[in-house]
Each structure stands twice: as C-alpha cells, then as structure tokens.
Amino acid sequence: MSRESEGFVMLRSLQRFGVVAVLGLAGAACVPHVPGPPAQDPPAPAEVKVTTGDYHSCAVLTDNTVSCWGTNESGQLGDGTTTRSPVPVKVTGLANATAVSGGYRHTCAVLGDATVTCWGYNGYGQLGDGTTTNSSTPVTVSGVTNATAVSVGFAHSCALIGDGTVSCWGRNTAGQLGDGTANSSPTPVVVSDITTATAVAVGRYHSCAALEDGTVSCWGQNSVGQLGNGASGTSHTPVAADGISTATGVSADNYQSCALLDDGTAACWGHNSYGQLGNGTTRLARTPVPVSGVTAASGMAAGRYHTCAVADEGTVSCWGNNTSGQLGNGTTTNSSTAVAVPGIANARGVEGGTSHTCAVLDDNSVSCWGYNGGGQLGDGTTTNSTAPVTVIQLT
C-alpha cells in the first residue's frame, strides 16, 4: 500500500530543529545597539515518501523527483521502458512531485501545482488522460487542478481535491468511481455526495474517504463487506461505514478497508481469510471491528491480504498473510493479530503491496520486506526477505 495511496499513508509529527538567534552588532560606541530580526523556525526539512504497488514500489525524494523499482511490464516504473529493475530508477520528467501512489500496474503522483500525473497500464482509463493507451512516462490527468492527494487501486484512481470533494477515473464496473453509474471513465468524474473529505483510499473494486466529521464513506463492490455498512450489495454512491465517528485517516486494498481513529486505535472491515482485519479471527466482517493490540498508531496501510501500522514511537506492526514474509517478523506464518517488525524503530510511514511492505524511516531511508520476485524490495536482488532490507541507490 500505498501509503500514500494510496489503496492511505499518515505521517508522524515532524521533528523540530533548534535555531540560533541573530543578534544585531553595534557599529561604534556612539551608535545605539540595534537588535536583529527575531529568530525564525527554519522551513520543515524535505521528507521521502514511499508507496507500494502490487509488485513495484516508488518514492518521492527530497528533491521532489520520483524513483521506482520492481516489475515494469506496463511501464509502471515511469522510466520510459518496460524493463523491471531491482534498484530505483528515475521517473522521466518529474521534478516537482509532492505525493505518489502505486497500484496494480500503474502509478500516479500529485505535483507541486496541484495537478496529477499517471503512468503505466491504462486499459480502463486509469491514467486519466482520456485514452486507454499505456504510457511508460507520466501523462497529465485531465481536468484535475487542485489535488491534495491521490490513491491508486487495481484499475481505477481517485484524487482528493482541495475543496473536500473527490474525483475518480478508470474502471467502474462495480461503481468504484462513485458517480452513481457503472460506466468506466478515462477522465475524472466527481464522487456523489462527498464534500468534506480529508483522505481517500482505493481498493480493488471499491473506494473510501474519511470525512471532516470523523466518519468514513465507501462505495463500489461490497461482496465481503468492504464498504462497512453491514450490507452485501454493491453501491454506486457513498455509504457510511457503521460506527466510525472519530476517523483521522482511511486505508483500503483488495477487499478490505481500515480506519485510523483519533485515539491511536484502528478498525478494519471486509475480507479476512488471512486475518488481515487484525481482530484475532479469519471471519469476514461487514462492519468495522477493532484491531487487537494497536493502541498508539499514527499511520496504517492495507496490502492485498495483510495490513500494517506505524506507532507514534516509530515501531511497525503487521498482521494477516505472511506467506512471503510480508509481516517482517522473520517468519512465514500468518497472524490474525499484530506482530512487531524487528529492527524498525524510527519509521515515519508504512505501505503494503500485494506481498511486500515498505517503511520510510526518519533518516529518509526506506526499508522493505516480503516477496521480491520483481525486485520490489529495491535491494538489488530478487530474493524474498522475511526481515527488512534497505533500498539501495535511492538518490
């Protein structure tokens, strides 16, 4: 997940840095002392932001460029090729990115001018440029000019707009674009009845938004309860997830959804065959259930069949499917409750992909773990790892 991203990612508070006051200097004995201007806090340091697609990963770097690594059969790495890479490669032409989100085989980024650009697979119009032609370099999403965030799923994408609305584009067979139809669209359409969104997250065939009042609304496919409203029918317009009133963020992937709550706990709903809801069972939930053992989370991310959370103190815990080591605890044993990722003590954010996970650390390095058949861990190999490895050449 992506994320950032996408399917969401929330960050820990930025560290504050001390400053030295500037003092005025007296020019001569007869000239009165004139104090200098008051000390000002320096600008916040630039931070790396990471996202995970199904089998690739990307990061916005401190210079606002984007690098990606992993599989690339549809051009989802954005470097103008379709050649996979086990080390980061630069996305062509991006120099002012502020956020990035990876999906199945496409990727999108928000730029400094609040536009959105996407690249990769475009069979359903998920790149948003009005075509269904793949692109191995970024193309501009039509008509989006005030985006603050973007989230990418299997074959559709959604952007959070500065006025609290949400726009989506791409595949819409289950109503995941939220415009009241089942018509796919290669350009953005406005989600019905959403005017106060603060975050957006995209799953396989559904989407969710956190709202200003702390509630969460979801729309699209609902076969296993991923909309969280206690029903099973598809909804082409947003419906409220039951019992959520203090959400500060939302995450979705595949067939499950999760909300981060303002007390640091989390709730999830939907598919649960691998324990990815984190409530100690493998039974699906059509309404939100509390995640066991998560009490001080500052961010979380859903992967295909697993979920992870980052705590205020910088540790990471994960739960759900672990057949490729994506829980990061040194085993390949599934867990329906949260397990700690050893060796991660200063994480700022976490993202989950199909079978791998990545975390961005306070020093702006990125660590990943799990499945690595496409090089999505970024360590220069295609060897799976049940423990975190550092992404190399991330410059």
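Residues numbered from 1 in each chain as written. Predicted model: local features only at pLDDT ≥ 70, side-chain atom pairs only at ≥ 80, totals over all residues. Heavy atoms only, no water.

The number of helices and strands found in the chain is zero helices and 28 strands. Taking all 395 residues of the chain together, the buried fraction comes to 58%. When the accessible surface of the chain is totalled, it reaches about 14,000 Å², and 52% of it is carbon and sulfur. (Helix = DSSP H or I, 4+ residues; strand = E, 2+ residues; numbered from the N terminus. Buried < 20%, exposed > 50% of the residue type's maximum accessible area, 1.4 Å probe, protein only. Areas by Shrake-Rupley, 256 points an atom, 1.4 Å probe, with all protein chains shown as cover.)

On to the state of the cysteines. Applying the stated criterion to the full structure yields seven disulfides. Each sulfur of the disulfide joining Cys-308 and Cys-318 lies 2.1 Å from the other. For the disulfide bridge between Cys-308 and Cys-318, the dihedral angle about the S-S bond is near 110 degrees, and by the sign convention the bridge is right-handed. In this pair, Cys-308 sits in strand 22 (residues 306-311) while Cys-318 sits in strand 23 (residues 316-320), placing the two residues ten residues apart along the sequence. You can call Cys-308 buried: its relative accessible area is 1%. (Disulfide = S-S within 2.5 Å.)

Structurally, Leu-127 is set in the loop between strand 7 (116-120) and strand 8 (135-140). Put simply, Leu-127 and His-156 are 29 residues apart on the chain and 8.1 Å apart in space, counted from C-alpha to C-alpha. In contact with Leu-127, other than residues within four places in its own chain, are His-106, Cys-118, Trp-119, Gly-120, Tyr-121, Asn-122, Thr-133, Ser-135, Val-139, Val-141 and Trp-169. (Contact = heavy atoms within 4.5 Å.)

Attention now goes to the packing of aromatic side chains. Enumeration over the complete set of coordinates arrives at five aromatic pairs. Plain terms: the ring middles of Tyr-274 and Tyr-305 are 4.8 Å apart, the flat faces sit at 40 degrees to each other, and that makes the pair tilted. Separated by 31 residues along the polypeptide, Tyr-274 in the loop between strand 19 (266-270) and strand 20 (285-290) and Tyr-305 in the loop between strand 21 (297-302) and strand 22 bring together distant segments of the chain. We classify Tyr-274 as partly exposed; its relative accessible area is 30%. By relative accessible area, which is 23% here, Tyr-305 ends up partly exposed. Put simply, the rings of Tyr-104, Phe-154, Tyr-205 and Tyr-255 pair up and form one aromatic cluster. (Phe/Tyr/Trp six-rings, centres within 6.5 Å; stacked < 30°, edge-to-face > 60°.)

As a further point, take unusual backbone geometry. Its identity as a non-glycine residue notwithstanding, Asn-64 has a phi of 70 degrees, on the positive side. Checked against the element boundaries, Asn-64 lands in the loop between strand 2 (56-60) and strand 3 (66-70). Among the residues examined, Asn-64 registers a relative accessible area of 32% and is labelled partly exposed.

Moving on, we come to the sheet that holds strand 18 (residues 256-261). A sheet is described by the order of its strands in space; here four strands give the open sequence 17-18-19-20, paired in antiparallel fashion. Here the strands that pair on one side only, and so sit at the sheet edges, are strand 17 (247-253) and strand 20. Averaged over neighbouring strand pairs, the angle between their axes works out to 20 degrees when direction is ignored. Pairing between strand 17 and strand 18: six bridges, direction antiparallel. The partner of Ala-252 across the bridge, within strand 18, is Ser-257. (Pairing = 2+ DSSP bridges. Axes fitted to C-alpha atoms, helices over the stretch in contact; angles between N-to-C directions.)

Let us look at the pattern of salt bridges. Per the counting criterion, the structure on display carries three salt bridges. The shortest N-O distance in the salt bridge between Glu-47 and Arg-348 comes to 3.3 Å. Placement of the pair is Glu-47 in the segment before strand 1 (49-52) and Arg-348 in strand 25 (residues 347-352), with a sequence separation of 301 residues. Pair check on accessibility: Glu-47 and Arg-348 agree, each one buried. Across the pair Asp-54 and Arg-304 runs a salt bridge whose closest N-O atoms are separated by 2.8 Å. Here Asp-54 is found in the loop between strand 1 and strand 2, whereas its partner Arg-304 is found in the loop between strand 21 and strand 22, with 250 residues between them in sequence. You'll find Asp-54 and Arg-304 in the same group, each marked buried. (Salt bridge = Lys/Arg side-chain N within 4 Å of Asp/Glu carboxyl O.)

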